Amino acid sequence: MARHVVRTQVAIVGGGPAGLMLSHLLAREGIESTVVELRSRQEIAETVRAGILEHGTVNLLVDGGVSDRVLTDGDRHDGIELRFNGESHRIDFHDLVGESVWLYPQTDVFKDLAARREADGGDVRYGVTDTAIHDLDGDPRVWFTDVDGTEVELRAEFIVGADGSRSHCRGQIPEAHRKWYFHEYPFAWFGILAEAPRSSEELIYANSENGFALISQRTETVQRMYFQCDPGEDVNNWSDERIWETFRSRVNGNGFELKEGPVLDKTVLKFRSFVQAPMRHKKLFLAGDAAHTVPPTGAKGLNLAIADVRVLFEGLDSYYKTGSEALLDRYSSRALDRVWKAQHFSYWMTSMLHTPEGADDFARARQLGELNSVVSSRHGRAYLAEAYTGWPSAR
Ligand code: DHB
């Protein structure tokens, strides 16, 4: 049976925040795209993800005309607390670098983007199967089966792989043309949603000899928190009491006490650092988790994906306006400039705050020396604040 042919300018594989944001920005400049996504819209909307947006990500959502909801429903945070040795040390982003971040869950970013694309009549196809990429050298095509069973051949000038950390697109770049960079960590995060009031107005990143914990928030009545655990941990072995006991031993003390409540959701999040470079091969561009993943400490994942998309959009827009691929040719190096800064920051925050199993006295005392050198110096705090709130884009 012949495939049903659909033509577009940019084929986007992956309908998460990166793919939808790119499709939205292109549409604003009159550039057509079709987005194909394996998961259903509901499945993506229900996946619990991180919750911190850099100011640059917020600006793109608001000034880019996606939604103002981040400003009304999100919470601006002007700093975080680093807690170690039983004491809290505030990193005042606003004072140090004049910037803030917003607590606004990634699932809401997705919902806003999906609603905007739908309202604007964007061609976004959720729940497709059997995606395959052909002819990256010539006339690129994406084959897929639509949700109603129709076999489609999507013909485009460019393909964008925004298909997440288990990217199919990434694998289309031949080994001889790419390099992989990996780093594994000997721990994971145990993440919970709990029904409880806020314990703190700002996020608390806590280092303790019993391991790391992160206190984040969601709403007045639901909180998001994480603690360092073994990557092989099974959530079924963790009762609410055991979970709270673990948090208490890592963050409570010196008058600070976590507010507890029923645990609504628990998951073990495994992580690693990964980069595939370059982020372009012929007519294929990779964006977001398809090209790189970072450990979650510092919440760079989504922000990095949106930063890739901004740079890729500039390249595509310039190509469609001038016919020149000069800016597209610089996509990979411009994006990787930020990717490696974020790789370093996420690695640094992770290693500075987590306690490796079996750490000796030297390792523990050195780590406290590192934390003290950051919080006791305005330059140290400013370095953290600049990275956390987000760097400007490379020219
Ligand atoms: C959240 C997740 C992070 O990885 C982080 O560094 C801060 C906040 C969150 O889910 O709220």
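Residues numbered from 1 in each chain as written. Predicted model: local features only at pLDDT ≥ 70, side-chain atom pairs only at ≥ 80, totals over all residues. Heavy atoms only, no water.

## Some thoughts on the domain arrangement of the protein chain
Each domain of the protein chain was delimited in the assignment, giving domain 1 (4-77 + 102-183 + 273-356) and domain 2 (186-269). Between domain 1 and domain 2, the residue contacts involve 19 residues of the former and 21 residues of the latter. Counting each side, the surface lost to burial between domain 1 and domain 2 is near 1,500 Å², with a carbon and sulfur contribution of 63%. Linking domain 1 with domain 2 are 1 salt bridge, by the criterion used here. One salt bridge connects Arg198 with Asp75, and the closest N-O pair in it is separated by 3.2 Å. The interface formed by domain 1 and domain 2 contains 6 residue pairs in polar contact (both at pLDDT 80 or more). Breaking the side of domain 1 that touches domain 2 down by element, the ones donating at least two residues are strand S5 (75-77) and helix H10 (331-353). (Domains from an automatic or database assignment. Contact = heavy atoms within 4.5 Å. Buried area = accessible area lost by both parts, 1.4 Å probe. Salt bridge = Lys/Arg side-chain N within 4 Å of Asp/Glu carboxyl O. Polar contact = N/O pair within 3.5 Å; in protein donor to acceptor, adjacent residues only side chain to side chain. Helix = DSSP H or I, 4+ residues; strand = E, 2+ residues; numbered from the N terminus.)

## Concerning the packing of helix H1 (residues 17-28) against helix H6 (residues 106-119)
In a pair of packed helices, the angle between the axes and the distance between the axes together describe the arrangement. Running from amino to carboxyl end, H1 crosses H6 at an angle of 35°, the nearest separation of the two axes being 9 Å. The handedness of the crossing between H1 and H6 comes out as left-handed. Contact residues: Pro17, Leu20, Met21, Ser23, His24 and Ala27 in H1; Gln106, Val109, Phe110, Leu113, Ala114, Arg116 and Arg117 in H6. (Axes fitted to C-alpha atoms, helices over the stretch in contact; angles between N-to-C directions. Left-handed = near helix turned anticlockwise from the far one by under 90°.)

## Remarks on the nonpolar core
By size, the foremost hydrophobic cluster in this structure holds 102 residues, and its most contacted members are Tyr205, Leu384 and Tyr388. Each of two domains, domain 1 (4-77 + 102-183 + 273-356) and domain 2 (186-269), supplies a minimum of three residues to this core. Apart from the residues within four sequence positions on either side, Leu384 is in contact with Ile80, Leu82, Ile91, Phe345, Trp348, Met349, Met352 and Val374. Ala188, Ala213, Val235 and Trp238 belong to the second-largest nonpolar core, a separate cluster that totals 20 residues. (Core = buried A, V, L, I, M, F, W, Y, C linked by side-chain atoms within 4.5 Å. Buried < 20%, exposed > 50% of the residue type's maximum accessible area, 1.4 Å probe, protein only.)

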